[in-house]
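Residue-level structural notes
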Amino acid sequence: MKKITPRVNGQAQSREVPDNRLLIDFLRYDLGLTGTKEGCSVGVCGACTVLLNGQPVSSCLTLAVTADGAEITTIEGLARGDKLDPLQQAFIDYGGFQCGICTPGQIMAAKALLNSNPHPSKEEIQDWMMGNLCRCTGYYKIIESIQAAAEGKVRV
Amino acid sequence: MASLVSIGQAVGHVEGPAKVTGHTLYSADVILPGMAWAKCLRSSFPHARIKSINTAAARALPGVHAVVTGTDLPDVRVGRFYLDIPLLARDKVRFVGEKVAAVVADTPEIAEAALRLIEVEYEELPAVFDALEATKPGAPILHDSTPAHPKPPAGHEEVHISPPIPNVLSQVFYRHGDIKAGFAQAARIFEHTFYVPPVHQGYIEPHACAVGIRPDGKIDVWLSNKMPFVARHQLAVAFDVPDERVRVNAVSIGGDFGGKGSLMDTALCYYLASHSRRPVKMVMNYTEELMAGNPRHTGHFIFRTGVDAQGRITARYARALFNCGAYGSFIPAHTLHGAHHAGGSYRIPNIEIESLRVYTNTVPRGHMRSPGAPQTIFAVETHMDMMAVELGMDPMDFRRLNVLDEGDVAPLGERWRHVAGKETLEAAAKAAGWGTPKGKHVGRGVAMYDRPPGANGQSTASVAVDAKGAVTLLTGAPDTGTGSYTVLGQLVAEELSVPLSQVTVLHGSTDEASWEQGPGGSRFTNTGGRAAYDACQKVRQALLELAGENLGCAAGQLSLKAGQFSTAAGKSISLASLMEWAAAKGKAPVSGAGVYNPSPVDVTVFAAQIAEVEVDVETGQVTLRKLVTAHDVGTIINPLTHQGQIEGGAVQGIGQALIEHLVVRDGQVTNVHLGDYKLPTAMDIPQLQTVLVPTGSGPAPHQGKAIGEHSNVSTPAAIANAVYDAVGVRLMDLPITAEKVYAGLRAKESNR
């Protein structure tokens with residue numbers, strides 16, 4: 001067991017966790033933040049993507065103890081009250097999700113992209129988003145959603 | 001008459017805010033007080049007798065609440081039509097991945113540690129993996145008896161359940177015309193065989209369930225199942241309790257594609273909750289999904305077709321042999337539909353189709369988006385292309401000559417009201433520039449499919465308008481991601497002349513909503529839509545009567561437009577003011593219950609696709625440069641969600657064509673994680689050109705048709721035909737890998 005004190009969505013947390021506790025289980029079951037989803041469990045599908053110190057990571061492959069002292073942002077931390085992040089609104093307006101199970105990961109990955117590259121080309125979006133699988137949309141509308149958010153086309 | 005404020009608007013999903021903020025509840029998100037976790041030990045043998053199971057060490061592990069084997073449980077078999085899946089294997093295991101024992105523990109980690117302490121002694125039995133082998137005399141037999149099942153529905157087909165052929169669960173014949181006479185008219189007869197291996201639905205949400213038993217005996221269930229009322233009944237049968245004792249709670253489905261219609265682990269989960277006297281949750285990991293989910297059936301096909309001197313088809317015999325794996329009950333019917341499409345979208349006056357489902361010692365197969373059809377249509381459309389080539393005809397011209405057109409009778413004798421096959425095919429040909437010059441090693445291939453909008457099962461909806469004029473629709477159908485709640489909301493907004501933002505679509509548990517079949521089979525815009533429409537008509541009439549009372553005239557003299565009830569003389573009242581007035585008189589809310597009962601549809605819906613590929617002749621690599629997908633449409637209620645179905649389906653079709661293959665070797669699935677089982681990524685999608693062909697009215701409210709299972713079916717054949725057009729390599733099985741194309745290219749060279 002180890003005590004960790006990350007900041008999660010801006011709030012300081014302090015928990016004792018087993019050394020082998022995965023970050024995804026820490027978020028979902030210790031903190032109750034079930035917006036982060038587990039798909040493949042092997043770091044391939046991207047559904048569990050969260051931001052760790054601003055960088056996208058697969059929380060299913062990350063040990064919770066490595067997040068000690070870190071800043072973690074999950075899908076629950078993106079909106080400000082009722083005000084959605086432009087990416088979230090774009091995914092609604094442009095049909096960037098259907099069933100929604102991969103959407104938290106898609107949006108967190110896209111957030112990391114726009115943080116480092118605010119005006120990506122379509123090819124850069126495709127290349128970056130390759131690590132986030134979606135079985136519903138065929139990706140066309142995910143790409144359009146990210147483009148729309150980057151181009152400031154959505155109102156929030 | 002309502003003004004058209006909502007129908008045809010490309011609005012985003014009404015449940016969008018919850019989905020983009022992570023607040024939507026899926027089965028795996030359910031956390032119950034005092035909940036324990038269960039995990040299963042699975043068989044590593046494809047066919048073996050269980051001699052003994054030693055669970056002592058597992059039971060002794062701290063944190064373990066129960067360890068259960070098949071003989072600890074009642075001999076319950078679960079299923080959707082046939083009942084053949086035991087809760088846990090009892091006497092023997094029939095596939096690698098079958099559940100043999102289950103552990104309930106405080107955490108999933110402890111449950112997994114306990115599984116490793118269970119010792120099972122097996123006696124291996126001869127096994128059979130290939131469906132053709134399984135039907136031969138002397139093949140190992142999987143099941144000694146016919147599983148319990150209801151009477152198959154009366155239809156036009158001839159049905160034999162457990163016929164005297166080894167391991168065959170069902171044998172179905174579809175016949176129309178006289179194939180002997182048809183073949184006698186033929187100038188040439190062609191025969192080809194095809195093979196389509198299994199693919200997985202690939203939803204990103206693995207199956208999950210949770211069961212809690214209340215002190216009063218009420219059984220609370222959460223599960224990844226798109227048909228909660230059907231599941232409730234199956235569970236009640238498995239638990240031997242009345243339906244009402246079970247409550248299936250409302251959760252969203254994280255991807256269905258046909259795969260989320262079974263109980264999966266839920267019946268077992270109930271018995272584990274009962275044994276351990278606490279709520280239990282089970283979540284499959286993706287390895288379990290791939291080795292023991294319910295992937296698409298493997299298909300083996302023989303097609304024999306007679307063609308007259310002009311190139312017109314005179315007769316067809318088709319035999320479809322579907323490998324259903326170790327159990328047959330993941331599908332909700334006596335047979336896997338899909339083989340009945342073996343005539344394709346063509347004029348075939350004489351046809352006989354034989355369709356078999358065969359048990360083998362492999363992962364049990366289930367339903368996936370347009371069940372049986374992508375396999376069958378790959379055979380149909382590749383066969384069409386091969387005949388065109390042998391006849392020296394352009395593949396498009398051969399199809400033009402035979403495709404269903406207005407007034408034609410479909411292969412199994414259906415007389416559809418609109419027959420837009422030719423129109424849809426021509427629209428695709430025009431958009432794709434069929435016949436225009438192509439580059440070197442570039443090819444184009446075409447394929448078609450049609451299926452009618454779904455119409456089976458009852459749907460219900462309750463609509464209520466509250467004292468402030470806010471409208472709520474309550475449905476018992478889960479959202480699987482298709483945008484059905486948005487479509488329902490738009491229908492309600494339209495009929496009651498309110499903005500969509502004033503309508504809330506609520507999903508109720510089986511205790512709250514009325515009986516509802518749930519989505520599937522491209523039916524919900526039709527069935528759920530008609531139930532919502534029916535409810536709205538009742539509410540609308542009640543509102544008109546209220547408004548008549550308020551305005552001092554008969555309801556029939558009022559119109560409802562732009563949110564105002566108005567008389568011809570110009571007196572009017574808004575819905576909000578009317579409801580405020582009604583509330584003061586104790587007459588709010590106003591509500592109505594709607595129902596849709598199954599009624600046959602009289603249209604089918606066509607799709608035609610043309611793929612353009614470029615083949616690297618050095619490596620065999622196929623690049624899909626463009627896919628044209630043309631669809632016969634009625635009124636499109638929401639163009640955004642409609643297009644979403646087309647795009648998602650087309651990419652699934654591309655995946656099946658070029659990438660996906662659930663590899664089963666010696667009975668074992670060998671690509672058991674999503675790193676090995678490849679799904680298409682954002683880098684794998686071609687330029688997609690959608691062509692919408694407005695052709696007439698469909699059965700759904702406002703004359704809508706169906707789109708859910710129309711864009712994924714013909715894609716593999718279109719791509720395979722394009723590869724042939726590009727480099728002359730014919731693929732008669734899937735997927736179309738670079739290795740196969742390379743081998744085909746080298747074989748052509750050595751034949752030269």
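Starting from 1, residues in each chain are numbered consecutively following that chain's sequence as written. Chain labels run from A onward and ligand labels from 1 onward, assigned in the order the entries are written. Per-residue local features are limited, in this predicted model, to residues with pLDDT of at least 70; the limit for side-chain atom pairs, both in listing and counting, is 80 or more; totals at the level of whole chains, interfaces and linings are taken over all residues.

**Re the overall build of chain B**
Within chain B, the secondary structure is distributed over 17 helices and 31 strands. The C-alpha radius of gyration computed for chain B amounts to 27 Å, which stays within 12% of the reference 27 Å derived for 752 residues, consistent with globular compactness. Once the C-alpha set of chain B is aligned to its principal axes, its extents read approximately 90 × 75 × 45 Å. Looking at chain B as a whole, 59% of its 752 residues qualify as buried. For helices the rule is a DSSP run of H or I covering at least 4 residues; for strands it is a run of E covering at least 2, with both sets numbered from the N terminus onward. Our radius of gyration is a C-alpha quantity, and the globule rule it is checked against amounts to 2.2 Å times the number of residues to the power 0.38. Think of it as a crowd count around each C-beta: if 20 or more other C-beta atoms lie within 10 Å the residue is buried, if 12 or fewer it is exposed, and in between it is partly exposed, with C-beta placed from the backbone throughout.

**Brief notes about the interface of chain A and chain B**
With C-beta atoms placed from the backbone, a contact is any residue pair whose C-beta atoms sit within 7 Å. In this assembly, 43 residues from chain A lie in contact with 44 residues from chain B. The set of elements that each furnish at least two residues to the side of chain A that touches chain B consists of α2 (86-93), α3 (103-116), α4 (122-129) and α5 (140-150) of chain A. Split by residue class, the side of chain A that touches chain B holds 24 nonpolar, 13 polar and six charged. Amino acids are sorted into nonpolar (Ala, Val, Leu, Ile, Met, Phe, Trp, Tyr, Cys and Pro), charged (Asp, Glu, Lys and Arg) and polar (every other residue, Gly among them).

**Digging into the domain arrangement of chain A**
All names here are of chain A. Domain annotation for chain A reports domain 1 (2-77) and domain 2 (86-150). Counting from both sides, the interface comprises 15 residues of domain 1 and, opposite them, 13 residues of domain 2. Among the secondary structure elements, those contributing two or more residues to the side of domain 1 that touches domain 2 are β5 (49-52) and β6 (55-58). The element best represented in the side of domain 1 that touches domain 2 is β5, accounting for three residues. Note: domain ranges come from an automatic or database domain assignment.

**Quick word on the sheet that holds strand β3 (residues 11-12) of chain A**
Residues and elements named next belong to chain A. By definition, two strands form a pair when at least two bridges between them are found by DSSP. Strand order across the open sheet formed by five strands is β3-β2-β7-β5-β6, with mixed pairing between neighbours. Across the chains shown, the open sheet's two edge strands, defined by having one partner strand only, are β3 and β6. Two strands pair when backbone bridges link them, and strand β2 (residues 7-8) and β3 are joined in this way by two bridges, in the antiparallel orientation. Residue Arg7 lies in a different strand from β3, and its bridge partner there is Ala12. On the sheet, α3 packs against β5 and β6 and is oriented at approximately 35° with respect to β5. Helix axes use the C-alpha atoms of the stretch in contact, all axes being lines fitted to C-alpha atoms, and the angles between their N-to-C directions lie in the range 0 to 180 degrees.

**A short note on the sheet that holds strand β2 (residues 48-54) of chain B**
Residues and elements named next belong to chain B. In spatial order, the strands read β6-β2-β8; together these three strands make up an open sheet with antiparallel pairing. If you trace the sheet from one side to the other, it starts and ends with β6 (92-93) and β8 (119-124), each paired once. Judged from the six bridges that link them, β2 and β8 form a sheet pairing that is antiparallel. Bridged to Ile53 within β8 is Val120.

**Things to note about the confidence of the model for chain B**
The predicted coordinates ought not to be read in detail in places where the model reports low pLDDT. Known as pLDDT, the predictor's confidence for each residue is given on a scale from 0 to 100. This prediction gives chain B a mean pLDDT of 97; 99% of its residues lie at or above 70. At the level of chain-chain contacts, confidence expressed as ipTM amounts to 0.99, with global pTM at 0.98.

**Section: the nonpolar core**
All names here are of chain B. By our criterion, buried Ala, Val, Leu, Ile, Met, Phe, Trp, Tyr and Cys residues that link up through C-beta atoms within 7 Å make up a nonpolar core. Core analysis: the largest hydrophobic core is formed by 245 residues, its most contacted members being Ala38, Leu272, Ile719 and Val723. Take this core: its biggest share by element is nine residues, from helix α16 (residues 715-727). Contact partners of Ala38, with chain neighbours within four places excluded, come to Ala102, Val103, Val104, Ala111, Cys269, Leu272, Val280 and Met282. Core analysis: the second largest hydrophobic core is formed by 40 residues, Val463, Tyr485, Cys536 and Leu558 among them.

**Let's talk about the packing of helix α15 (residues 639-659) of chain B against α16 of chain B**
Residue and element names in this part refer to chain B. Running from N to C, α15 and α16 cross one another at 50°; their axes reach a closest spacing of 8 Å. One element, α15, and the other, α16, form an angle in the oblique class. As α15 runs across α16, the sense of the crossing is right-handed. Contact with α15, carried on its side by Ala650, Gly653, Ile654, Gln656, Ala657 and Leu658, involves Thr715, Pro716 and Ile719 of α16 and no other residues of that element. Looking at the contact of α15 with α16, its residues break down into six nonpolar, three polar and no charged. To sort the angles, those under 35 degrees are grouped as roughly parallel, those over 145 as roughly antiparallel, those from 65 to 115 as roughly perpendicular, and the leftovers as oblique. Here a crossing is called left-handed whenever its near helix is offset anticlockwise from the far helix by less than a right angle, and right-handed whenever the offset is clockwise.

**Some details on helix α12 (residues 484-496) of chain B**
Residues and elements named next belong to chain B. To estimate the expected span of a helix, count its residues, drop one, and scale the result by 1.5 Å. In this model α12 runs 18 Å from its N-terminal to its C-terminal C-alpha over 13 residues, within 8% of the 18 Å that 1.5 Å per residue would give. Buried residues dominate α12, accounting for 13 of its 13 residues. Remark: Ser497 follows α12 within two positions and exhibits a positive phi of approximately 55°.

**Focus: α15 of chain B**
Here α15 of chain B spans 29 Å end to end across 21 residues, near enough to the 30 Å set by a 1.5 Å rise per residue. Counted residue by residue, α15 of chain B has 18 buried out of 21 residues, so it is predominantly covered.

**Re the packing of α4 of chain A against α5 of chain A**
All names here are of chain A. Packing of α4 against α5 leaves a shortest axis separation of 10 Å and a crossing angle of 120°. Taken together, the axes of α4 and α5 are oblique relative to one another. Crossing hand, α4 versus α5: right-handed. In this structure, α4 uses Lys122, Ile125, Gln126 and Met129 to contact α5, whose residues at the interface are Ile142, Ile143, Ile146 and Gln147.

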